[in-house]
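Geometric and topological summary
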Amino acid sequence: MSTQTDHGHELIPRPEQTADALRAALAVVAPGRLDEMQSTKDEAFAKAVEWQSLSPVRSWVLVWARDIEIARRPDLATRHARATSDLEHEDPVVAQEALRELTVVLDEAMKAVRA
């Protein structure tokens, strides 16, 4: 269930941006995060009711689509893990570069899911 694209191997195809499709994709690429996904979904829906706005739900979808994009692409997942582990490095230059790289990875993933 992988495809070749300009960025390389993908574990699964990019899911549709629906709650069910995102949940199914997460169950494959990062099943340990399913409880977190449900918890943040519950929070987003509660805020949507409170605010009388779909904005929190739209944000929830985008955040999880972005995180799944990272998890389904080993190239991004590796860069994300490396940057995350270096965020609190004792060398401030390494930590600053890690923050820059993390930002680039998150931006790349968000751009992909918004395309």
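Conventions we followed
Residues numbered from 1 in each chain as written. Predicted model: local features only at pLDDT ≥ 70, side-chain atom pairs only at ≥ 80, totals over all residues. Heavy atoms only, no water. Core = buried A, V, L, I, M, F, W, Y, C linked by side-chain atoms within 4.5 Å. Buried < 20%, exposed > 50% of the residue type's maximum accessible area, 1.4 Å probe, protein only. Helix = DSSP H or I, 4+ residues; strand = E, 2+ residues; numbered from the N terminus. Contact = heavy atoms within 4.5 Å. pLDDT = per-residue confidence, 0-100. Salt bridge = Lys/Arg side-chain N within 4 Å of Asp/Glu carboxyl O.

In this section: the nonpolar core. In this structure, Leu-22, Leu-26, Val-29, Met-37, Trp-60, Trp-64 and Ile-68 are the most contacted members of the largest nonpolar core, which totals 17 residues. Secondary-structure elements contributing two or more residues to this core are helix H1 (19-29), helix H2 (34-51), helix H3 (55-72) and helix H5 (92-114). In terms of residues, this core owes the most to one element, H3, which gives six residues. Once residues within four sequence positions are removed from consideration, Val-29 is found in contact with Leu-11, Ile-12, Ile-68, Ala-71 and Arg-72.

Mean pLDDT for the protein chain: 94, with 94% of residues reaching 70 or above. Confidence over residues 1-5 falls short of pLDDT 50; this stretch has 12 contacts with residues more than four positions distant or in other chains.

Any two side chains of opposite charge can pair, given that their charged atoms come close. The full count for this structure, using the stated rule, is 13 salt bridges. The partner of Glu-69 in a salt bridge is Arg-14, with the nearest N and O atoms 2.8 Å apart. Placement of Glu-69 in helix H3 and of Arg-14 in the loop between strand S2 (8-9) and H1 is noted, with a sequence separation of 55 residues between them. One salt bridge connects Glu-69 with Arg-73, and the closest N-O pair in it is separated by 3.3 Å. Of the two residues, Glu-69 and Arg-73, neither departs from the other in class, the shared state being buried. In this structure, a network of salt bridges that share partners links the residues Glu-10, Arg-14, Glu-69, Arg-72, Arg-73, Asp-75, Arg-79, Glu-97, Arg-100, Glu-101 and Glu-108.

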